[in-house]
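# A structural walkthrough
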Amino acid sequence: MRLTNFWNNMREQFGEAYAESLAKDYVIEGLGSRTIDQALADGVGVKEIWRAVCEAFDLPATAR
């Protein structure tokens, strides 16, 4: 998964403004208690991050 696809998925699932806020502020246990922005900065792969987002927010299988 490319970073652009990741952000497109985030915006599709959460909306433009909330996706960015969520990435900045929401700590996800599956990312080692980091936010999405922190995980990206630490070099975690976007596919792994997307899986953690899907799990944390119980997104439907079609989004995964």
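Here the residue numbering is sequential within each chain, running from 1 through the sequence in written order. Confidence filtering applies because this is a predicted model: local features only for residues at pLDDT of at least 70, side-chain atom pairs given and counted only at 80 or more, and all residues used for totals across whole chains, interfaces and linings. For side-chain calculations, the full set of non-hydrogen atoms in the structure is used, while hydrogens and water are omitted.

## Quick look at the packing of aromatic side chains
The criterion for an aromatic pair is that two Phe, Tyr or Trp rings (for Trp, the six-membered ring) have centres within 6.5 Å, with stacked assigned to planes under 30 degrees apart, edge-to-face to planes over 60 apart and tilted to the rest. Taken as a whole and judged by the stated rule, the model has 5 aromatic pairs. Geometrically, the ring pair formed by Y26 and F57 is tilted, given 4.9 Å between the ring centres and 45° between the ring planes. With Y26 in the loop between α2 (16–25) and α3 (36–41) and F57 in the segment after α4 (46–56), this residue pair connects regions lying 31 residues apart in the sequence. Through pairs of rings, three or more aromatic residues link up here, namely F14, Y18, Y26 and F57. Counting from the N terminus, the helices are DSSP H or I runs at least four residues long and the strands are E runs at least two residues long.

## Focus on the nonpolar core
Ranked by internal contacts, the top residues of the largest apolar core, which has 20 residues, are F6, M10, I36, I49 and V53. Ranked by residues supplied to this core, first place goes to α4 with 6 residues. Residues count as neighbours in contact if any of their non-hydrogen atoms are within 4.5 Å of one another. Other than its neighbours up to four places away in sequence, V53 contacts M10, F14, I28, I36 and L59. Residues grouped as a nonpolar core are buried Ala, Val, Leu, Ile, Met, Phe, Trp, Tyr and Cys residues, joined through side-chain atoms within 4.5 Å. When accessible area is computed with a 1.4 Å probe and restricted to protein chains, residues below 20% of their type maximum are described as buried, those above 50% as exposed, and intermediate ones as partly exposed.

## A word on the side chain of T35
Summarising the element assignment, T35 is placed in the loop between α2 and α3. Owing to a relative accessible area of 5%, T35 belongs among the buried residues under this scheme. Not counting residues up to four positions away in its chain, the partners in contact with T35 are A23, K24, D25, Y26 and V27.

## Describing the environment of V44
Along the polypeptide, V44 turns up in the loop between α3 and α4. Taking the C-alpha atoms as reference points, V44 and L3, separated by 41 residues in sequence, lie 11 Å from one another. Excluding its chain neighbours within four sequence positions, the residues that come into contact with V44 are R34, A39 and I49.

## Some remarks on the environment of D37
Relative to the helices and strands, D37 resides in helix α3. On a C-alpha basis, the gap between D37 and N5 in space is 15 Å, while along the polypeptide they are 32 residues apart. If we ignore the near neighbours within four places in the chain, the residues touching D37 are W7, A23 and K24.

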